[in-house]
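Coordinate inspection notes
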Amino acid sequence: MSTIKKIGVFTSGGDSPGMNAAVRAVVRTAKNFDLNVVGIRHGYYGMIQKDFVELDGISVSNIIQQGGTILKSARSADFKTEEGRAKAAQNIKDYDIDALVAIGGDGTFQGATSFYKEHNIPVIGIPGTIDNDLSGTDETIGYDTALNTAMDAIDKIRDTADAHDRMFLVEVMGREAGFIALETGIAGGAELILLPETLTRMPEIKSSLSDVFRAQRRSSLIVVAEGDETGGAVKLADELKGDFGKYDMRVCILGHIQRGGKPTARDRVLSSRLGAAAVQSLMDGHTNVMVGLVNGEVKVSPLHNTWSKKKSINYELLELAKMLS
Ligand code: F6P
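Residues numbered from 1 in each chain as written. Predicted model: local features only at pLDDT ≥ 70, side-chain atom pairs only at ≥ 80, totals over all residues. Heavy atoms only, no water.

**Considering the packing of aromatic side chains**
- This structure, assessed with the given rule, holds 5 aromatic pairs.
- Here F10 and Y44 contribute two aromatic rings whose centre-to-centre distance is 5.0 Å and whose plane-to-plane angle is 55°, an arrangement assigned as tilted. Taken as a pair, F10 in strand β1 (residues 6–11) and Y44 in helix α2 (residues 43–49) lie far apart in primary sequence, 34 residues in all.
- Given a relative accessible area of 6%, Y44 falls into the buried group. (Phe/Tyr/Trp six-rings, centres within 6.5 Å; stacked < 30°, edge-to-face > 60°. Helix = DSSP H or I, 4+ residues; strand = E, 2+ residues; numbered from the N terminus. Buried < 20%, exposed > 50% of the residue type's maximum accessible area, 1.4 Å probe, protein only.)

Structure representation (C-alpha cells):
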C-alpha cells in the first residue's frame, strides 16, 4: 500500500505538443487512486516561487488537443544551484506534496536526478521534448507533431523552390540532436541532410550538390539541424555562395513554429499512455525513473540513464536518405 496521498505535476524546459494531454492523463489517473494533485506552474522556477495550483478532473477538461502547456514552462537557473533546490524541496514539503511527476527533456531530468539525490522526494519522469533525444523511449512527447509541422513547412517551401528554380536551406530545431532533421529530411525528400551527429565536410557537400545540379535538377532542398557543426543554415549558405553563386539561394529557419500546434493523434496517445503509466509506477513504488515506450510497450528506465546515455540516430535511415536523394 503506497503512502503517497498528494502528487505534484509540472512541465519544464522547452514545451512540446502533447504536454497538456500528459498532464490530463496524470490528473485523471491520480483521481482513480484517490490522490490529490497539485500543478506546479512554470516548472522548477514555480517550485521555488511556490506557484502551486490544485488540479481536479475538470480543470484538465478540453486540453487534450491544445499545444503549449496549461502549467506553463520555464528554464530555471536557480534550480541548478543547491540552494535553489533546497528552497524548492522546502516548498514541496510545506505543501505536503509526497511525490513529483516531471514532464520534460534532458535538462528537466538532470535537475530531477539531483533533486532526488539531495532531498529524496519520489519522482517519475515523462519524456516531453520535440528533440526526441532521451534514452529509454522510442519517441518523446511532441516529436511526432514537430516532425509533421516541419514536413508540412518543407512541402510548402518545395512549391516555391520549384516555381523559382531555387536552392533552399531549411533549418530545423535540434541543438545537439538530429532526429527532427533526419526524419523530416526523409519525409520531405531533401537532397542533403546535415546533423550534429555526423561530421559535415564542405568538400563532400559541394560535390553532392554539384551532382544534384548536373542531374539537371533546378531546385533543391537541404535540411540542416540548428546544431550542425557548420553553424546552421545561414552560415552554410554563406559558405556555399562562392561555388554556387549562380543558383538562387534562400534560407528558411523554421524555429519555434516546430514547438507549437495541436498534438498529432500519435502524440496524444503516447501522452495518455505515459501519463497514466507515471502515476501507476509511483503507486507501484518506483521512483527516480522515467516511463517510456520501448517497442510499443511501457517501460521504466533509471532517470539518470535517460540523459547521460546518448540516444543514437538510426544510421540506416541516413544511408537511405542518401540513396534516395
Ligand atoms: O529542447 C527543445 C528545443 O526546442 C531545441 O530543439 C532548441 O534548440 C531549444 O529548445 C530552443 O530553446 P528556447 O526555446 O529556450 O530558445
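**Considerations on the sheet that holds strand β7 (residues 192–194)**
- An order of β7-β8-β6-β9 is seen for the 4 strands of this open sheet, with the pairing classed as parallel. Each edge of the open sheet carries a strand with a single partner, namely β7 and β9 (248–253). Going from strand to strand, the sheet's axes swing by 15° on average, the running direction of each strand aside.
- The sheet contact formed by β7 and strand β8 (residues 220–225) spans 3 bridges and is parallel. (Pairing = 2+ DSSP bridges. Axes fitted to C-alpha atoms, helices over the stretch in contact; angles between N-to-C directions.)

**What about the site of the ligand?**
- Surrounding the ligand, one finds R75, I130, D131, M173, G174, R175, E226, H256 and R259.
- The contact in question runs from an oxygen atom of the ligand to an N or O atom on the side chain of E226, over 2.4 Å.
- H256 is positioned such that a nitrogen or oxygen atom in its side chain is 2.8 Å from an oxygen atom of the ligand.
- Contact with the protein chains removes 78% of the 400 Å² of surface that the ligand exposes when unbound.
- A class-by-class count of the residues in the shell around the ligand yields 2 nonpolar, 2 polar and 5 charged.
- Formed jointly, the shell around the ligand draws a minimum of three residues from each of two domains, domain 1 (6–142 + 263–308) and domain 2 (143–259). (Near = heavy atom within 4 Å. Polar contact = N/O pair within 3.5 Å; in protein donor to acceptor, adjacent residues only side chain to side chain. Areas by Shrake-Rupley, 256 points an atom, 1.4 Å probe, with all protein chains shown as cover. Nonpolar A, V, L, I, M, F, W, Y, C, P; charged D, E, K, R; others polar. Domains from an automatic or database assignment.)

**With respect to the sheet that holds strand β3 (residues 52–55)**
- Spatially, 7 strands are ordered β3-β2-β1-β4-β5-β10-β11 in an open sheet, and the strand pairing comes out mixed. Whereas interior strands pair on both sides, the edge strands pair on one side only; in this sheet they are β3 and β11 (297–302). Ignoring which end each strand starts from, the neighbouring axes of this sheet average 30° apart.
- The pairing of strand β2 (residues 36–40) with β3 spans 4 bridges and is antiparallel. Bridging across to β3, G39 finds its partner in V53.

**A short note on the pattern of salt bridges**
- Across all of its chains, the model carries 14 salt bridges by this definition.
- Here R266 and E139 are joined by a salt bridge, their closest N and O atoms 2.2 Å apart. Of this pair, R266 sits in helix α9 (residues 265–283) while E139 sits in the loop between β5 (123–127) and α5 (143–164), placing them 127 residues apart in sequence.
- Classification of R266 as partly exposed rests on a relative accessible area of 49%.
- Residue class for E139 comes out buried when judged on its relative accessible area of 15%.
- One salt-bridge network, in which partners are shared between bridges, spans R166, D248 and R250. (Salt bridge = Lys/Arg side-chain N within 4 Å of Asp/Glu carboxyl O.)

**As for a nonpolar patch on the surface**
- A cluster of nonpolar side chains, contributed by V234, V251 and I253, occupies part of the molecular surface with about 230 Å² of accessible area.
- Examined against the element boundaries, V234 turns out to sit in helix α8 (residues 233–244). (Patch = residues over 30% accessible without salt bridge, like charges linked within 9 Å, V, L, I, M, F, W, Y side chains within 5 Å.)

**Considerations on the nonpolar core**
- Ranked by size, the top nonpolar core spans 31 residues in total, and within it I7, V9, V101, I103 and I126 carry the most contacts.
- Elements supplying a minimum of two residues to this core: β1, α1 (19–32), β4 (99–104), β5, α9 and β10 (289–294).
- The greatest single-element share of this core, amounting to 7 residues, is contributed by α9.
- In this structure, I126 is in contact with V26, V101, A102, I103, G104, F109, I141, L274, G275, A278, M290 and V291, ignoring residues within four places of it in sequence.
- Counting residues in each nonpolar core, the second largest holds 28 residues, with M173, A181, L318 and A321 among its members. (Core = buried A, V, L, I, M, F, W, Y, C linked by side-chain atoms within 4.5 Å. Contact = heavy atoms within 4.5 Å.)

**Describing the domain arrangement of the protein**
- Domain annotation for the protein reports domain 1 (6–142 + 263–308) and domain 2 (143–259).
- Its C-alpha centre places domain 1 at a distance of 34 Å from the equivalent point of domain 2.
- Between domain 1 and domain 2, the residue contacts involve 18 residues of the former and 13 residues of the latter.
- Considering only the side of domain 1, the residues that lose the most area to domain 2 are I130, D131 and N132, jointly responsible for 39% of the buried surface there.
- At the junction of domain 1 with domain 2, the criterion picks out 1 salt bridge.
- Between R259 and D15 there is a salt bridge, and its shortest N-O distance comes to 2.7 Å. (Buried area = accessible area lost by both parts, 1.4 Å probe.)

**A word on the packing of helix α7 (residues 202–214) against α8**
- Where α7 meets α8, the axes come as close as 11 Å, and the angle between the chain directions of the two elements is 55°. As far as their axial angle goes, α8 and α7 are oblique. Crossing of α7 against α8: the hand is right-handed. Of the residues in α8, those touching α7 at M202, I205, K206, L209, S210 and F213 are L236, E239, L240, D243 and F244. (Parallel < 35°, antiparallel > 145°, perpendicular 65-115°, else oblique. Left-handed = near helix turned anticlockwise from the far one by under 90°.)

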